[in-house]
Amino acid sequence: FCWFPAMQLHLPPWLQGVQHFVLTRRWLYMALPIFTILLCLDSTVIKRPSGFLSLRVLMGWEKTQTGVPCGWDYEANWTIGLMVGASPLTLHPLAGDPSAPSLPVLTCATVTDTPVSFVADPFLVIPRDMGARDVPVASLDFWYMFYEMKNLDRVIGELGVAVSRDQGRHWEHVGTALTESFHLSFPFVLFHQETNQFIMIPETNQKHQVRLYVTSPAEFPLGWTLYQPKLFDRSYVDTSAIHFQNKWWIFTTVEYQPYLYFADDLLGSWQLHPRSPLFGRDRSIGRSGGPLFEYNGHLYRVAQNCKNYYGEGLRFFKIVRLTTTEYEEEEVGAIEPSRNPKDFFANRVHQADLHFLSEFRGQKNVWVAAVDGDVNPDDHMFFQIEGWFYRTKLLLSALLVLLCLLVFGARDR
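Just so it is clear, the structure is predicted and the values come from calculations on it, not from any experiment. (Residues numbered from 1 in each chain as written. Predicted model: local features only at pLDDT ≥ 70, side-chain atom pairs only at ≥ 80, totals over all residues. Heavy atoms only, no water.)

A. Inspection of the overall build of the chain at higher detail. Scanning the chain from terminus to terminus reveals four helices and 21 strands. Sequence-distant contacts in the chain: of pairs separated by 6 or more residues, those separated by 24 or more amount to 55%. Just so you have it, the chain exposes about 19,200 Å², and 54% of that area is on carbon and sulfur atoms. (Helix = DSSP H or I, 4+ residues; strand = E, 2+ residues; numbered from the N terminus. Contact = heavy atoms within 4.5 Å. Areas by Shrake-Rupley, 256 points an atom, 1.4 Å probe, with all protein chains shown as cover.)

Right, here's the structure in full:
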């Protein structure tokens, strides 16, 4: 109504009074639309797509939503479950009755000290199987699960850890293992025999680095401190390392292209494999979907299938030739969403961490995998809500720009 005079419209006396109040206070009728435009730009451009969540916080709304157990999120509702098999290529959900739903063992509800919306990127750590020394005796056979958790207060990924004292039947959140000023995920953990310490190589792509963090056996699973960055100047994601045939082999990903490094000492210098990148950009197999594992004398690479959407599935590749100058692999298996709405991985799955156990709940020689999954499809209501809100904010921004132009036009007349 600030620009109605230019259109020669007649307003009721009370509305004319409001109009006069606004027009005689230029700062008011310009500040309000400018503030709204900045708010829209902040949440559609600067913070897209988390702007909707930021607006909820700004308005003092609860960070919860009906139907979501832990908190509202535009991204996903990832949980973590276990799979077992006689071999790493014959994994199936851990359920006594095949017809029973495969339920998660860790969810955002497991995290009790931080408001989180999901847990993902699981890494299972069993100190005794890693050959860890100087760990308190009671903890040698405990199972530890490291995972990404989406902190709803910071709207950023942090790394949490939980412990199980009964081979994964029940889990208790220990605390936040690592937090930084930037996003963290993919908390790959190993034990370094030579220095008798645990090493973590989390995803730190927002720093354009691959970083190594360390902690002592006495402080494990907490107490992580930065040891040193190893790679620089690129957005590396999902990095893991394995010792095989007297060398360390380090796999990482840059824009859906796998890069391979090797080293005599993981804490020493890393040398880029001459075949890197191992192949061109490929969303269906280029990004790591978990750490490498050894089976029957060969290494196996786990890759995410994101060809059509994030979490479409996992693909397994047997590395048939690996030297400091050669690399060759062949596809041998896959894990796909179950499409059973009662399963934790009903519609999406994007990481698996596999371990061979000589004994598991009374069974001998079993492969166990920690797997993350989502019951919701890629186009679930989170994405639909965010898409609707994003378009609405863009339209509102355009209308407010038009309003400002019309106000200036009315005053020029």
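B. View of the sheet that holds strand β11 (residues 237–244). Overall, antiparallel pairing links the four strands, which are arranged β11-β12-β13-β14 in an open sheet. Unpaired on one side and paired on the other, β11 and β14 (271–272) mark the two borders of the sheet. In terms of strand pairing, strand β13 (residues 257–263) meets β14 through two bridges, oriented antiparallel. The residue of β14 that forms the bridge with Phe 262 is Gln 271. (Pairing = 2+ DSSP bridges.)

C. Broad picture of the packing of aromatic side chains. Counted under the stated rule, the structure contains 21 aromatic pairs. Chaining the aromatic ring pairs together yields one cluster made of Phe 142, Tyr 144, Phe 146, Phe 191, Phe 198, Phe 220 and Trp 224. Across from the ring centre of Phe 317, 4.9 Å away, lies the NZ or CZ of Arg 301, which sits over that ring. (Phe/Tyr/Trp six-rings, centres within 6.5 Å; stacked < 30°, edge-to-face > 60°. Lys NZ or Arg CZ within 6 Å of the ring centre and 35° of its normal.)

D. Summary view of the pattern of salt bridges. Under the defined criterion, the tally for this structure stands at eleven salt bridges. Note that Glu 180 is salt-bridged to Arg 211, the shortest N-O span being 3.5 Å. Taken together, the residues Glu 180 in the loop between β6 (172–178) and β7 (185–192) and Arg 211 in strand β9 (residues 209–215) connect sequence positions 31 residues apart. For Glu 180, a relative accessible area of 22% puts it in the partly exposed group. Of the charged contacts, one joins Arg 321 and Glu 328 as a salt bridge, the two residues approaching to 3.9 Å between their closest N and O atoms. Taking relative accessible area as the criterion, Arg 321 reaches 42% and is therefore assigned partly exposed. (Salt bridge = Lys/Arg side-chain N within 4 Å of Asp/Glu carboxyl O. Buried < 20%, exposed > 50% of the residue type's maximum accessible area, 1.4 Å probe, protein only.)

E. Inspection of a nonpolar patch on the surface at higher detail. Judged by side-chain polarity, Leu 395, Leu 399 and Leu 402 come together as a nonpolar surface patch covering roughly 290 Å² of accessible area. With respect to the helices, strands and loops of the structure, Leu 402 is situated in helix α4 (residues 381–412). (Patch = residues over 30% accessible without salt bridge, like charges linked within 9 Å, V, L, I, M, F, W, Y side chains within 5 Å.)

F. Looking closely at the side chain of Arg 348. Counting through the fold element by element, Arg 348 comes out in strand β20 (residues 348–360). A polar atom in the side chain of Arg 348 sits 2.9 Å from the side chain of Asp 374. (Polar contact = N/O pair within 3.5 Å; in protein donor to acceptor, adjacent residues only side chain to side chain.)

G. Seen up close, the confidence of the model for the chain. Summarising the model, the chain shows a mean pLDDT of 84, and 74% of its residues fall at 70 or more. Confidence drops under a pLDDT of 50 for residues 1–9, and excluding neighbours within four residues, the segment shows 18 contacts in the predicted structure. (pLDDT = per-residue confidence, 0-100.)

H. Spatial organisation of the side chain of Asn 305. Mapping Asn 305 onto the fold places it in strand β17 (residues 298–305). Only 3.2 Å separates the side chain of Asn 305 from the backbone nitrogen of Lys 307, close enough to count as a polar contact. Setting aside residues up to four positions removed in sequence, Asn 305 forms contacts with Arg 283, Ser 284, Gly 311, Glu 312, Gly 313 and Arg 315.

I. The environment of Gly 373, seen in detail. Counting through the fold element by element, Gly 373 comes out in strand β21 (residues 363–374). For Gly 373, a relative accessible area of 0% gives the class buried. Sequence separation of Gly 373 and Pro 104 is 269 residues, and the distance between their C-alpha atoms is 8.5 Å. With near-sequence residues (within four places) excluded, Gly 373 lies in contact with Asn 77, Trp 78, Thr 79, Phe 344, Phe 345, Arg 348 and Val 349.

J. Structural view of the sheet that holds strand β1 (residues 79–85). Here we have four strands laid out as an open sheet, ordered β2-β1-β21-β20, and antiparallel in their pairing. Each of the sheet's edge strands pairs with one partner strand only, and the pair in question is β2 (92–93) and β20.

K. Fine view of the nonpolar core. Phe 146, Phe 198, Trp 224 and Trp 270 are the most contacted members of the largest nonpolar core, which has 42 residues in total. Counting residues per element, this core draws most heavily on β7, which supplies five residues. Residues Val 84, Val 116, Leu 124 and Ile 126 belong to the second largest nonpolar core, which totals 21 residues. (Core = buried A, V, L, I, M, F, W, Y, C linked by side-chain atoms within 4.5 Å.)

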